[in-house]
Amino acid sequence: MPSRRSIAATGVAALIATAIGIALSYAIHWFPVQASTQAKNTDTLYHVLAIASIPIFVLVVTVILFSVWHFRMKPGQELQDGPPIHGNTRLEVLWTAFPAALLLGLVSYSFVVLHDNERKPAGKEIVVEVTGQQFAWTYQYPPSVTGGAPFSSTQLYLPNNESVDFAIRSKDVIHAFWIPAFRLQIDAVPGITTHYRATPDRIGSYPVVCNLLCGVGHSTMRSTVHVVAPARFEAWVRSGGASQSSTG
Amino acid sequence: MRTTLAKLRAPGLYRAGLGFAIGIAFATAITWVVRSSTGHATFHHYLSGDAILTVSLIASPIFFLVGLGGFDYWLYWAAGRPTRPEDHSSHGAHSWKDYFRINTDHKVIGIQYTVTAFFFLLVGGLLAMLMRAQLAQPGAQFVDANTYNGLFSVHASLLIFLFVIPVFAGLANYVLPLMIGAPDMAFPRLNALSYWLLPLAGLMMLSSFLAPGGAFADGWTAYTPLSIDAPIGQDFFSIGVQLAGASSIMTALNFLVTIITMRAPGMSFFRMPLLVWANFATSLLVVIATPFIAASQFFVLLDHALGFNFFNAGKGGDVLMYQHVFWFYSHPAVYIMMLPGFGIISEVIAVKARKPIFGYRMMAFSLLAIVALGFTVWAHHMFTSGMASWIRIPMAITTAIIAVPTGIKIFSWLATLWRGILHLDTPMLFALGFLTTFTLGGISGVMLAMVPFDIHVSASYFIVAHIHYVLFGGSLMTIFAGVYYWFPKMTGRTFDERLGKWHFWTTFVFFNLTFAPMHILGLEGMPRRVATYASKFADLNLFISIASFALGLSTLIFVYNIVTSWRGGPRAAANPWRGLTLEWQVSSPPPIFNFDRVPTVVGGPYEYGVPGAVHGIFAPAPVPATVGGGAPVTTGGGVHAPSE
Ligand SMILES: [Cu+2]
Ligand SMILES: [Cu+2]
């Protein structure tokens, strides 16, 4: 039986490792920039998941390393066996109930985030229709946005701080409309229209990526979303989506 | 010397080759007859290369198996001719040639399975190396996009259907009958047939690279409608999966009947080793789930070859239905590829820590819990598919909860280590390595259950990282542990321990260097299944490619060790690890009919440290074992009573 001191020292080491792990999970640059309110919620969820996961991983590794250190076979033990411990009901109940409670807590929290991310915000909301086809995205701005004739463009412009409801379709096979800076994606499925809602909150240009294998051109089926000030967006719409070189 | 004609008439590879040729002729004839007898516009050519090829893919494997002799017994019986009673003369393997014919000995079949599976591991790994060569730089032109899409599709298909699933079936084929004290599997002929379907399935998938238009190139997931419009290579997958799936189902039925009906006297369910429990649970999964992927690929085949429009939205088809049917198999498949590994780890850790498995009953029950829950989570692969959004809620809850039984297993293994006497040799190192890497794969799996997070990373490189932590860091680590652990039993030889340790450390280090950075790529926004990528991902990808080449090389240590040890390693003792389970109580390799005296099980399988405990005893006087109504078996020696 290892001494209380070595167990305590190992416990302290595990706590330090956990603290370092959690600090690292904040220090590492995991994500692209946050450019939507949804991105902030999802990143917070990610950090909570990391905080919940790191102690569990550290626990597993600590027990393994401690066992390797203390219980490895020493000379003279070649023919010996360990103590015949068959189980411990209390411990087994504990490691069933505690993870179950933790997991239910985390999944409940994820539903709160999901609800926040998908809820229609109070302010103005525009609709942009997205069409995927091998191997390009096109964007239609309906009359509700243009105030006149609808137009379509290969450019995606969005007004900053306004909610946008993407209505996504496909002309051929399944694509996935992914905007990593928004942390949002959904498939473009032939025959149905899918949706998601984003509120961009950072001016800039970000990649749009097809994230579902759609054929030989899949790798290059990329586009760009330009989040611009509302006034600039109005001007762009009035010009009928004329291609603009500068962004920002 | 037999004449060529006699060779062509006797069951074996020559007649199988003849059958294969007849299969192609049959396919050509039936295509011509059907096309010329109908005036339908679709059939405006009497002969169509595509049609003949597709029909050949179905017909020639069946004719091959008939030629090989896989159906001889049943055909004789069906034709009312005298069947040839099994005289067991084909049991055992006396030369390497015996592995290339129909053989009903579970030990021969176990080795056929395992070696075939490892062949496909090497081929699949080689395809991965080609992929990493392409991905070393953005915009590289090592292969074109279509070939690249074929590479990852065939890579995944081979490693799932021809490596992980069958290698577990192969290891269990060898050791499971021994562990329960049975002379063989319940249905030896079915066992032989289920093995021979595998090389056919694998070669079919691999040969799709030669098909016009290239290999199937829409991933192992074959999502419609992309797969419907694909070139003929798609049929090599649709039909190859039928063969591999049929093999899986036959073996699972065989395991279930063997476990239920052929346990030695005294071996109650709760005296079974956990490897047996694990294969019992896995077989339940296979029997219930595998028909769903067979169906999904039948639908694709009918859509692809005959225009049935099951999945054509423009013709009333339902695109998302494909994904539901596909994942109804393919989520449980994750557990089909993991539970047998859990069984292996339980065997290795109990023996190498010299302690009883902590919480044996909970270990068995958690396997059954995973089987039940495993059927309730499939749509977590579809959180971003556009399916009805409410389905995400229950599926996220079940996905989170299925981590509980898995957690029970991990904690129980840790508790088994506690205060044991740890033999840190190669099998144990792989078991401990498995515990760490699989825990990481489990954690990223729980993260993916969280819908908003999954919405971001679904189908990204984060998924590639997760799946490889589960299937490489999980399954493959357990497979290596199992192969080293039973190598002395299966070959009668001892492997080189020093090389084994080298293999472990190189695999463990380069595995993590290869796959850990992929998490970051996915979070940063790199999609999977791309032949090129944005330049900001270049540095990490180059790093990953270099690490993956080292990982590939580490496998050569394994191959070298296994090949040289098998050919000329030191003779292995019957029970080198001092294990209590029955397979260690017979010689290495075991006698032809496993047990010269029928064992009686008198206690649990892991009673290490209990003074005087034994799992099985052998009757004091030799009892002639009889197999299937044949003659009494008398083979000399090889029985070692447990010495405690
Ligand atoms: Cu696409
Ligand atoms: Cu799944």
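Note that this is a predicted model, so its numbers are computed, not measured.

Draft legend 1. Quick peek at the coordination of the copper ion (ligand 2). Residues and elements named next belong to chain B. At this site the copper ion (ligand 2) is bound by H331 (ND1), H380 (NE2) and H381 (NE2), with donor distances of 1.8 to 2.0 Å. Binding-site remark: the copper ion (ligand 2) is held by donors from one chain whose sequence spacing is H-x48-H-H. Of this pair, H331 sits in helix 10 (residues 319-336) while H380 sits in the loop between helix 12 (360-374) and helix 13 (392-401); the two residues are 49 residues apart in sequence, bridging distant segments of the chain. What makes H380 buried here is its relative accessible area of 13%.

Draft legend 2. Layout of helix 3 (residues 89-118) of chain A. Residue and element names in this part refer to chain A. Look at helix 3: 43 Å from first C-alpha to last across 30 residues, which is about the 44 Å you get at 1.5 Å a residue. Three or more residues of helix 3 are buried, namely E92, W95, P99, A100, L103, L106, V107, S110, F111, V113, L114 and N117. Where helix 3 begins, the side chain of N88 points an oxygen toward the backbone nitrogen of R90, at a separation of 3.1 Å.

Draft legend 3. Representation of the coordination of the copper ion (ligand 1) within the structure. All names here are of chain A. Distances from the copper ion (ligand 1) to its protein donors, H175 (ND1), C210 (SG), C214 (SG) and M221 (SD), fall at 2.1 to 2.5 Å. Seen from the copper ion (ligand 1), its four donor atoms lie at angles of 93 to 123 degrees, and the figure they make is tetrahedral. Binding-site remark: the copper ion (ligand 1) is held by donors from one chain whose sequence spacing is H-x34-C-x3-C-x6-M.

Draft legend 4. How the structure looks around the domain arrangement of chain A. Residue and element names in this part refer to chain A. When its domains are assigned, chain A resolves into domain 1 (4-70 + 89-118) and domain 2 (125-247). Relative placement of domain 1 and domain 2: their C-alpha centres are 36 Å apart. Across the boundary between the two partners, domain 1 contributes 14 residues, which contact twelve residues of domain 2. For the domain 1 face of the interface with domain 2, the top three residues by lost area are V33, A35 and Q38, together amounting to 44%. Our enumeration of links across domain 1 and domain 2 arrives at two salt bridges. The salt bridge involving R183 is made with D43; its shortest N-O contact spans 2.7 Å. In this assembly, domain 1 and domain 2 are joined by twelve residue pairs in polar contact (both at pLDDT 80 or more). Listing elements by their share of the side of domain 1 that touches domain 2, those giving two or more residues are helix 2 (37-71) and helix 3. Of all the elements, helix 2 adds the most residues to the side of domain 1 that touches domain 2, at six residues. By residue class, the composition of the side of domain 1 that touches domain 2 is five nonpolar, six polar and three charged.

Draft legend 5. Molecular detail of the confidence of the model for chain B. Taken over all residues, the pLDDT of chain B has a mean of 91, while the share at 70 or more is 93%. Across residues 626-644 of chain B, where pLDDT falls below 50, the model places 36 contacts with residues more than four positions away in sequence or in other chains.

Draft legend 6. Seen up close, the domain arrangement of chain B. Residue and element names in this part refer to chain B. You can read the domains of chain B as domain 1 (2-78), domain 2 (106-337), domain 3 (338-572) and domain 4 (588-644). In total, domain 2 and domain 3 occlude about 5,300 Å² of area from one another, counting both sides; carbon and sulfur atoms represent 76% of this. The largest contributions to the domain 2 side of the interface with domain 3 come from R132, L274 and Y335, which together make up 14% of the buried area. Where domain 2 touches domain 3, the interface holds zero salt bridges. For the pair domain 2 and domain 3, the number of links is 20 residue pairs in polar contact (both at pLDDT 80 or more).

Draft legend 7. Structural detail: helix 14 (residues 403-417) of chain B. Residues and elements named next belong to chain B. Taking 1.5 Å per residue, 15 residues should reach 21 Å; helix 14 reaches 21 Å between its end C-alpha atoms and fits that length. Taking burial as the measure, the 15 residues of helix 14 include 14 buried ones, the bulk of the element. Phi turns positive one or two residues past the end of helix 14, at R419, with a value near 70 degrees.

Draft legend 8. Expanded view of the nonpolar core. One finds F166(A), F177(A), F161(B) and F453(B) to be the most contacted residues of the largest nonpolar core, which totals 265 residues. It is helix 6 (residues 145-179) of chain B that provides the largest number of residues to this core, a total of 23 residues.

Draft legend 9. Spotlight on the sheet that holds strand 5 (residues 163-170) of chain A. Residue and element names in this part refer to chain A. In space, the five strands of this open sheet follow the order 3-2-1-5-8, with mixed pairing throughout. Edge positions in the sheet fall to strand 3 (151-153) and strand 8 (194-198), since each has one partner strand and no second. Going from strand to strand, the sheet's axes swing by 25 degrees on average, the running direction of each strand aside. Pairing geometry for strand 1 (residues 125-133) and strand 5, over eight bridges, is parallel. The residue of strand 5 that forms the bridge with V128 is F166.

Draft legend 10. The arrangement of the pattern of salt bridges in detail. Across all of its chains, the model carries 14 salt bridges over all chains by this definition. Where D201(A) meets K40(A), a salt bridge forms, and the shortest distance between an N and an O atom there is 2.7 Å. With D201(A) in the loop between strand 8 and strand 9 (204-210) and K40(A) in helix 2, this residue pair connects regions lying 161 residues apart in the sequence. Taking the relative accessible area as the measure of exposure, D201(A) reaches 21% and is therefore partly exposed. Across the pair E125(A) and R197(A) runs a salt bridge whose closest N-O atoms are separated by 2.6 Å. One end of the pair, E125(A), is in strand 1; the other, R197(A), is in strand 8, with 72 residues separating them in the sequence. You'll find E125(A) and R197(A) in the same group, each marked buried. A single salt-bridge network, built from bridges that share partners, covers D81(A), R354(B) and R578(B).

Draft legend 11. Examining the interface of chain B and chain A more closely. Contacts between the two partners involve 88 residues from chain B and, on the opposite side, 81 residues from chain A. Carbon and sulfur atoms make up 74% of the area that chain B and chain A hide from each other, which totals about 7,000 Å². Put simply, chain B and chain A have three salt bridges between them. Note that E118(A) is salt-bridged to R392(B), the shortest N-O span being 2.9 Å. Summed over the shared surface of chain B and chain A, the number is 18 residue pairs in polar contact (both at pLDDT 80 or more). Sort the elements by how many residues they give to the side of chain B that touches chain A and helix 14 of chain B lands first, with nine residues. When the residues that make up the side of chain B that touches chain A are grouped by side-chain class, the tally is 54 nonpolar, 21 polar and 13 charged.

Draft legend 12. Molecular detail of the environment of T384(B). Structurally, T384(B) can be placed in the loop between helix 12 and helix 13. Considered as a pair, T384(B) and G214(B) are 170 residues apart in the sequence and their alpha carbons are 29 Å apart. Excluding residues within four positions of it along the chain, T384(B) makes contact with Q185(A), I186(A), D187(A), D454(B), I455(B) and S458(B).

Calculation notes
- Residues numbered from 1 in each chain as written.
- Chains lettered and ligands numbered in written order.
- Predicted model: local features only at pLDDT ≥ 70, side-chain atom pairs only at ≥ 80, totals over all residues.
- Heavy atoms only, no water.
- Donors = N, O, S within 2.8 Å, 3.2 Å for Na, K, Ca; no water.
- Helix = DSSP H or I, 4+ residues; strand = E, 2+ residues; numbered from the N terminus.
- Buried < 20%, exposed > 50% of the residue type's maximum accessible area, 1.4 Å probe, protein only.
- Expected span 1.5 Å × (residues − 1).
- Polar contact = N/O pair within 3.5 Å; in protein donor to acceptor, adjacent residues only side chain to side chain.
- Tetrahedral: all angles 85-135°; square planar, octahedral: opposite > 155°, others 65-115°.
- Domains from an automatic or database assignment.
- Contact = heavy atoms within 4.5 Å.
- Buried area = accessible area lost by both parts, 1.4 Å probe.
- Salt bridge = Lys/Arg side-chain N within 4 Å of Asp/Glu carboxyl O.
- Nonpolar A, V, L, I, M, F, W, Y, C, P; charged D, E, K, R; others polar.
- pLDDT = per-residue confidence, 0-100.
- Core = buried A, V, L, I, M, F, W, Y, C linked by side-chain atoms within 4.5 Å.
- Pairing = 2+ DSSP bridges.
- Axes fitted to C-alpha atoms, helices over the stretch in contact; angles between N-to-C directions.

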